[in-house]
Amino acid sequence: GMTNAIPDGDDFLVGMTGGKIDPATLKTQGPEVATAGGAGVMRWKREGNIWRATAYVPVTGVDGAFEPSLIGDVDGTLLFWGRGSKQPENNDIRVWRSKDGGQSWEKIIHVVGVVSSAPISLNQMADGTPYVVSNLYEVFMHPVDRLRMRKDSEGRVRLGGWTRITQAVWPLTDDRSGLRPGIRVR
């Protein structure tokens, strides 16, 4: 994950990537079989002097999501982010919310094709406003020979978008149903 664990009573919650992968399958098929997992929330409890993982709740489903982030919103709900691992969703902003302490999740935001393939995180401003931060999906047309032209699974031409030149912050709207306009921070 790209953020720290957050407290939940005496426990900690943290965004994790996980799933059930048969070790024999991993040996024969290689790392691409890791998409059999997804991202979710792991609960950690302290037992004596040891912290133990005691529960894992999948959030994204079996989509190979990674780079999960988890925050506690100002109203007591939880917000979760997980990057899609393959096209067409790996350049999207996707945010889920839980109103029951992380037991169930609902996708509340899905904005297509806005971020590059750089690290991304869900965070909070000092006043508690949640925001997503990452590099903007940008395509530079010159020199063309440096761009990788390919098509995604939906047949759309992708000309790159791997740069880390422009970093942006997208605050969530007050009702958490979308994003406010991006703010260029670098």
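For the structure itself, consult the block above.
The present account deals with the structure reproduced in this document. (Residues numbered from 1 in each chain as written. Predicted model: local features only at pLDDT ≥ 70, side-chain atom pairs only at ≥ 80, totals over all residues. Heavy atoms only, no water.)

### As for unusual backbone geometry
So the rule is basically this: Strands here mean DSSP runs of E at least two residues long; helices mean DSSP runs of H or I at least four residues long; both are numbered from the N terminus. Here the term buried applies to any residue with accessible area under 20% of the maximum for its type, exposed to any over 50%, and partly exposed to those in between, with areas from a 1.4 Å probe on protein chains only.
In the Ramachandran plot, Glu67 falls in the positive-phi region, its phi being about 55° despite a non-glycine side chain. Mapping Glu67 onto the fold places it in strand 5 (residues 66-72). Judged by its relative accessible area of 16%, Glu67 falls in the buried class. One non-glycine residue with positive phi stands out, namely Arg176, at about 60°. With respect to the element layout, Arg176 can be found in the loop between strand 13 (167-171) and strand 14 (183-184).

### Some remarks on the sheet that holds strand 7 (residues 93-98)
Where we set the bar: When DSSP finds two or more bridges between a pair of strands, those strands are recorded as paired. Axis lines are fitted through C-alpha atoms, for helices just across the contact stretch, and the angle between N-to-C directions can take any value from 0 to 180 degrees.
Pairing in this open sheet of four strands is antiparallel, and the strands run 5-6-7-8 from one edge to the other. A strand with exactly one partner marks an edge of an open sheet, and here the two such strands are strand 5 and strand 8 (106-111). Looking at each pair of strands side by side, their axes are set apart by 20° on average, direction ignored. Two elements, strand 7 and strand 8, share five bridges in a ladder whose sense is antiparallel.

### Quick notes on the environment of Asn91
Where we set the bar: By definition, residues are in contact when any of their heavy atoms lie within 4.5 Å.
Tracing the backbone through its elements, the reader meets Asn91 in the loop between strand 6 (78-83) and strand 7. A relative accessible area of 1% means that Asn91 is categorised as buried. Each C-alpha atom, one on Asn91 and one on Val111, is 8.9 Å from the other, the two residues being 20 residues apart in sequence. Filtering out sequence-adjacent residues up to four positions away, Asn91 remains in contact with Val112, Gly113, Val114, Val115, Ser116, Ser117 and Tyr137.

### Side note on the pattern of salt bridges
This is how the line gets drawn: We define a salt bridge as a contact between a side-chain nitrogen of Lys or Arg and a carboxyl oxygen of Asp or Glu at a distance within 4 Å.
Counting across every chain of the model gives seven salt bridges. The residue Glu67 makes a salt bridge to Arg83 at a minimum N-O spacing of 3.1 Å. Taken together, the residues Glu67 in strand 5 and Arg83 in strand 6 connect sequence positions 16 residues apart. Like Arg83, Glu67 is buried. Of the charged contacts, one joins Arg180 and Asp174 as a salt bridge, the two residues approaching to 2.4 Å between their closest N and O atoms. You can call Asp174 exposed: its relative accessible area is 65%.

### Some remarks on the pairing of strand 2 (residues 11-18)
Sheet topology note: the strand 1 (residues 6-8)/strand 2 ladder contains three bridges and is antiparallel. Within the sheet, the bridge partner assigned to Pro7 lies in strand 2 and is Phe12. Where strand 1 folds back onto strand 2 in an antiparallel hairpin, the turn is made up of two residues, including Gly9, whose phi is positive at roughly 65°. The sheet contact formed by strand 2 and strand 3 (residues 38-47) spans seven bridges and is antiparallel. Residue Gly18 lies in a different strand from strand 3, and its bridge partner there is Gly38.

### Structural notes on the pairing of strand 5
With five of seven residues buried, strand 5 is to be regarded as a mostly interior element. Sheet topology places strand 5 next to strand 6; five bridges connect them, and they run antiparallel. Bridge pairing in strand 6 links Phe66 to Arg83.

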